[in-house]
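A closer look at the structure
What follows is the residue order along each chain.
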Amino acid sequence: MTRSDRILDAPLPAAMTTGTAEPAMDAPAATGRLRSMWRAAHAPVAGVPRWARTAAYVIPFTVLPAGLWRLPFAFGDGLQLGERAYIILLTIMSELLAFTAVGLVAAWGERFPRWVPGLGGRRVPTPAAVIPATLGAVILTVLWTAAVVTELAGVTLRGEPTPANFPTQAGGWQAAIYYLCYLPLLLWGPLLAAVTYAYYRRRRNT
């Protein structure tokens, strides 16, 4: 046996066999766990009508365009730190609030997740979900309908004239993009009301 044959037949060092293989195996495992968590958060429970499932999934996307339109202003010039933080938090909280509608069709809307302290694994009382969701649907419907009506009338919600630097006053593509991003918010309240009704009907006897 030649020296080169002995080198080829020798076992590889541990650093070469374990140093790179484990991360390569961990990455698919982590991706699989995230995929499972994502599916668990979105998968509808038995008895959910197709229209209710579709409406619940659409709700976060009615809020997303306004957030994407608003977010760049947080990194513009002339804003103080508090104003930047407000825009960012408003955008994140709005999207998280919209996502709670998915709970009205998913398992975590009927049984608290196990990681919730003191409540994990327990059934969600029907009124605890229906009452806040109903109030939210009413408030959102009134708020965004009033916002659009007053905007078209050229005034703010306070009845003051719309500022000259407001996007709708600029006209052209700026006003068009603004309306395309904010008009979907008109659907948030009605869609939430429909999904809440389906949730109540499904759980009223449980």
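Residues numbered from 1 in each chain as written. Predicted model: local features only at pLDDT ≥ 70, side-chain atom pairs only at ≥ 80, totals over all residues. Heavy atoms only, no water.

1. Let's talk about the overall build of the protein chain
If you tally the helices and strands in the protein chain, you get 9 helices and 0 strands. In the protein chain, the succession of α and β elements from N to C terminus is α-α-α-α-α-α-α-α-α. Within the protein chain, the fraction of its 206 residues that count as buried is 28%. For the protein chain, the computed accessible surface area is about 13800 Å², with 69% contributed by carbon and sulfur atoms. (Helix = DSSP H or I, 4+ residues; strand = E, 2+ residues; numbered from the N terminus. Buried < 20%, exposed > 50% of the residue type's maximum accessible area, 1.4 Å probe, protein only. Areas by Shrake-Rupley, 256 points an atom, 1.4 Å probe, with all protein chains shown as cover.)

2. Regarding the environment of arginine 123
By the secondary structure assignment, arginine 123 is in the loop between α5 (81–99) and α6 (126–152). Judged by relative accessible area, which is 40%, arginine 123 ranks as partly exposed.

3. Thoughts on a nonpolar patch on the surface
Nonpolar side chains collect at one region of the surface, where Ile131, Leu135, Ile139, Leu143 and Leu157 lie side by side and expose about 490 Å² of accessible area between them. Along the polypeptide, leucine 143 turns up in helix α6. (Patch = residues over 30% accessible without salt bridge, like charges linked within 9 Å, V, L, I, M, F, W, Y side chains within 5 Å. Salt bridge = Lys/Arg side-chain N within 4 Å of Asp/Glu carboxyl O.)

4. A word on the packing of aromatic side chains
Under the defined criterion, the tally for this structure stands at 8 aromatic pairs. Aromatic side chains tyrosine 178 and tyrosine 179 sit 5.7 Å apart centroid to centroid with 70 degrees between the ring planes, which places their arrangement in the edge-to-face category. Summarising the aromatic geometry, the rings of tyrosine 178 and tyrosine 182 are spaced 4.7 Å apart at their centres and angled 25 degrees between planes, so their arrangement reads as stacked. Here tyrosine 178 and its partner tyrosine 182 are both found in helix α8 (residues 172–182), 4 residues apart, which amounts to about one turn of the helix. Take tyrosine 178 and tyrosine 182: they sit in the same class, and that class is buried. Three or more aromatic residues link up through ring pairs in this structure, and these residues are Trp69, Phe73, Trp144, Phe166, Tyr178, Tyr179 and Tyr182. (Phe/Tyr/Trp six-rings, centres within 6.5 Å; stacked < 30°, edge-to-face > 60°.)

5. Some thoughts on the packing of helix α4 (residues 50–70) against α5
Following both chains from N to C, one finds α4 and α5 inclined at 170 degrees, their axes separated by 8 Å at the closest point. Taken together, α4 and α5 sit at an angle that is classed as roughly antiparallel. In this structure, α4 contributes Ile59, Pro60, Val63, Leu64, Gly67 and Arg70 to the contact, and α5 contributes Ile87, Leu90, Thr91, Ser94, Glu95, Ala98 and Phe99. (Axes fitted to C-alpha atoms, helices over the stretch in contact; angles between N-to-C directions. Parallel < 35°, antiparallel > 145°, perpendicular 65-115°, else oblique. Contact = heavy atoms within 4.5 Å.)

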